[in-house]
Amino acid sequence: MDRRPTLEQIRRAPKVLLHDHLDGGLRPRTVVELADAVGYPDLPADEPEALGAWFTAAAASGSLDRYLETFRHTVAVMQTREALERVAAECVEDLAADGVVYAEVRYAPEQHLRAGLRLEEVVEAVLAGVAEGCRRAAGRGTPIRVGTLLTAMRHAARSREIAELAVRYRDDGVVGFDIAGAEAGHPPTRHLDAFEYLRRENAHFTIHAGEAFGLPSIWEALQWCGADRLGHGVRIVDDIGVDDSGEVRLGRLAAYVRDKRVPLEMCPSSNVQTGAASSVADHPIGLLRRLRFRVTVNTDNRLLGGITLSDEFAALVDAFGYDWDDLEWFTVNAMKSAFAPFDERLALINGLIKPGFARLRWEVR
Ligand SMILES: O=c1[nH]cnc2c1ncn2[C@@H]1O[C@H](CO)[C@@H](O)[C@H]1O
Ligand SMILES: [Zn+2]
């Protein structure tokens, strides 16, 4: 009998999500309604289903730059306190409904100032929305914990300011910092000032690196900037050689990443859409998992991918034949790598994740 986890079973597993963009995960219907409410005239479709299909098709262009162009529409409708609160609350509800028990959701506050909000107002609106979403999820019997990450755009020059914002709100639900946006031509060392500040403040950060650009970007993110985790990091495979006999040789950087247990926030279907991988089956996650890098599985942008975290896991089960042990391993890896305090991570691993997977294994035996 085939005991591979099914999508329906995976949905019931207690999952952890570290890499999910708030502005890439809106419900299509919400985009339509918010566009209506604020008079945004440029949506490529007015009907939720068609709009969702437009996003997934436009995002699957094979280029990160074109993938990022689609954010024009979501960011445009997320410029007011009400819109930000709504989007954040719905994001949390959607994650909880998919069985996510801990998530870190990121967005770039500097992109939400067009209607006159201040950076602090943006952060507070999102935090209020997250709190509301957590209340609703708990009320439905699917409690979830959610921290936010503040992203600075790597082509812009506000990273120090955004890093300071992240530190200011660290006790109110902001758990870390990130940089995102077009990678080629925008190395992370341009933002060294922000990263050095965060390290002096004992704060956590991740860096999108090794997605559209290769090893130099990963090396800078780790060895110059001091990133705690790598967003994607998929190009670390460029530093791994596998010869005809299957023997594996790690270069110095790949060995460092594995030895130091640097968490990789991998997003397989997003990488297929941007052309960083040709298919999920060919995605380096298969090799990296086999070599026991600290791999985690993530959605990146649920609207653009038309996916949930459960779908992402189901695609991996399909491609690599993963079983419950693999799925639990990815999940524990993610929880260990979260920016939440150690005692909370431990409590979730031992009190929720391990018992949850044990229960599922029992139910589907
Ligand atoms: O996969 C990605 N790589 C790089 N940047 C991204 C990716 N997904 C989203 N964003 C960028 O992050 C901003 C804040 O959430 C988004 O507006 C988008 O421009
Ligand atoms: Zn991302």
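Position labels on residues start from 1 in each chain and follow its written sequence. Here the convention is simple: chains get letters from A, ligands get numbers from 1, in the order in which they are written. Under the rules for a predicted model, residues below a pLDDT of 70 receive no local features and side-chain atom pairs below 80 are neither given nor counted, while totals for whole chains, interfaces and linings still include all residues.

Draft legend 1. Quick peek at the UniProt feature "binding site: substrate" (unreviewed entry) in the protein chain. UniProt positions are given in the numbering used here, feature names are shortened, and annotations may be inferred rather than shown by experiment. The sites that carry the UniProt feature "binding site: substrate" (unreviewed entry) are, in the present numbering, H21, D23 and G181. Spatial clustering of the annotated residues is evident: they stretch over 161 residues in sequence, but the largest pairwise C-alpha distance comes to 12.6 Å. Within the element layout of this structure, H21 appears in strand β1 (residues 15–21). Whether a residue is buried, exposed or partly exposed is read from the other C-beta atoms within 10 Å of its own C-beta, which are placed from the backbone; 20 or more gives buried, 12 or fewer gives exposed, and intermediate counts give partly exposed. Accessibility expressed as a C-beta count within 10 Å gives 25 for H21, which makes it buried. Under the DSSP-based scheme used, a helix requires at least four consecutive residues in state H or I and a strand at least two consecutive residues in state E, with every element numbered from the N terminus.

Draft legend 2. Seen up close, the site of ligand 1. Nearness rests on one distance test: the residue's C-beta atom, set from the backbone, must lie within 6 Å of the molecule or strand. Neighbouring ligand 1 are 19 residues, the closest being H21, F71, A108, T151 and A180. At the level of elements, α4 (64–69), α5 (71–76) and β2 (100–107) are the ones that each hand at least two residues to the shell around ligand 1. Charged residues are taken to be Asp, Glu, Lys and Arg, nonpolar residues to be Ala, Val, Leu, Ile, Met, Phe, Trp, Tyr, Cys and Pro, and polar residues to be all remaining types, Gly included. Class assignment of the residues belonging to the shell around ligand 1 gives a composition of 7 nonpolar, 8 polar and 4 charged.

Draft legend 3. Quick look at the packing of helix α6 (residues 81–97) against helix α7 (residues 119–139). Look at α6 against α7: their axes get within 7 Å of each other, and the N-to-C directions meet at 35°. Classified by chirality, the crossing of α7 by α6 is right-handed. Note on element contacts: α7 touches α6 through E121, V122, A125, V126, A128, G129, V130, E132, G133, C134, R136 and A137, opposite R81, L84, E85, R86, V87, A88, A89, E90, C91, V92, E93 and A96. Grouping the constituent residues of the contact of α6 with α7 by class yields 14 nonpolar, 2 polar and 8 charged. Interaxial angle, 0 to 180 degrees, is taken between N-to-C directions of lines fitted to C-alpha atoms, where a helix line uses only the stretch in contact. Definitions for this section: a left-handed crossing has its near helix turned counterclockwise from the far helix by less than a right angle. A right-handed crossing has that turn clockwise. The contact criterion used here is simple: two residues whose C-beta atoms, placed from the backbone, lie within 7 Å are in contact.

Draft legend 4. Examining the pairing of strand β5 (residues 206–209) more closely. Where burial is concerned, the two faces of β5 agree: the one with T206 and H208 and the one with I207 and A209 are both buried. DSSP bridges decide pairing: two strands pair if at least two such bridges lie between them. Two strands pair when backbone bridges link them, and β5 and strand β6 (residues 229–232) are joined in this way by 4 bridges, in the parallel orientation. Looking at the pairing, T206 lines up with R229 of β6. The handedness of a crossover follows from its direction of travel: if, with the strands pointing away from the viewer, the path from the first strand over the helix to the second runs clockwise, the crossover is right-handed. Each parallel crossover has a hand, and the one from β5 via helix α10 (residues 215–224) to β6 is right-handed.

Draft legend 5. The environment of D36, seen in detail. Along the chain, D36 turns up in helix α2 (residues 28–38). Taking the C-alpha atoms as reference points, D36 and E69, 33 residues apart in sequence, are found 21 Å from one another.

Draft legend 6. Fine view of the UniProt feature "domain: Adenosine deaminase" (unreviewed entry) in the protein chain. In the UniProt entry, the feature "domain: Adenosine deaminase" (unreviewed entry) is given for residues 14–354. Split by type, residues 14–354 is 49% helix and 15% strand. Its first and last C-alpha atoms lie 9 Å apart.

Draft legend 7. Layout of the packing of α2 against helix α3 (residues 48–59). In the contact formed by α2 and α3, the axes pass within 8 Å of each other and the chain directions differ by 110°. Overall, the two elements α2 and α3 adopt an arrangement that is roughly perpendicular. Side by side, α2 and α3 meet where P28, R29, V31 and V32 of the first sit next to P48, L51 and G52 of the second. Each angle gets one of four labels, with under 35 degrees taken as roughly parallel, over 145 as roughly antiparallel, 65 to 115 as roughly perpendicular, and the rest as oblique.

Draft legend 8. Main features of the sheet that holds β6. Read from one edge of the open sheet, 4 strands run β5-β6-β9-β10, paired in parallel fashion. Two strands lie at the open edges of the sheet, namely β5 and β10 (295–297), each paired on one side alone. Here the average twist between neighbouring strands, direction ignored, is 30°. With respect to the sheet, α10 is in contact with β5 and β6, its orientation differing from that of β5 by roughly 170°.

Draft legend 9. Expanded view of the sheet that holds strand β3 (residues 145–153). Judged by pairing direction, the sheet is parallel, and its 4 strands sit side by side in the order β1-β2-β3-β4 without closing on themselves. Each having just a single partner strand, β1 and β4 (174–180) make up the two edges of the open sheet. Within this sheet the neighbouring strands show an average axis-to-axis angle of 20°, counted without direction. Packed onto the sheet, helix α8 (residues 159–168) meets β3 and β4 and runs at close to 165° relative to β4.

Draft legend 10. Focus on the nonpolar core. Formed by 107 residues in total, the largest nonpolar core has its most connected members in A88, V92, V126, I144 and F177. If one sorts the elements of this core by residue count, α6 sits on top with 9 residues. Every residue in contact with V92, bar those within four places of it in the chain, is listed here: V130, G133, C134, A137, I144 and V146. Defined on buried residues, the nonpolar core groups Ala, Val, Leu, Ile, Met, Phe, Trp, Tyr and Cys residues joined through C-beta atoms within 7 Å.

Draft legend 11. Structural view of the pairing of β2. Among the 8 residues that make up β2, 8 are buried, leaving the element largely enclosed by the rest of the structure. When β1 meets β2, the two strands line up parallel, connected through 5 bridges. From the neighbouring strand, K15 faces β2, where its bridge partner is V100. One ladder, built from 6 bridges, connects β2 with β3; its direction is parallel. If you follow A103 over to β3, its bridge partner there is V146. Viewed along the sheet, the connection from β2 through α7 into β3 turns out right-handed.

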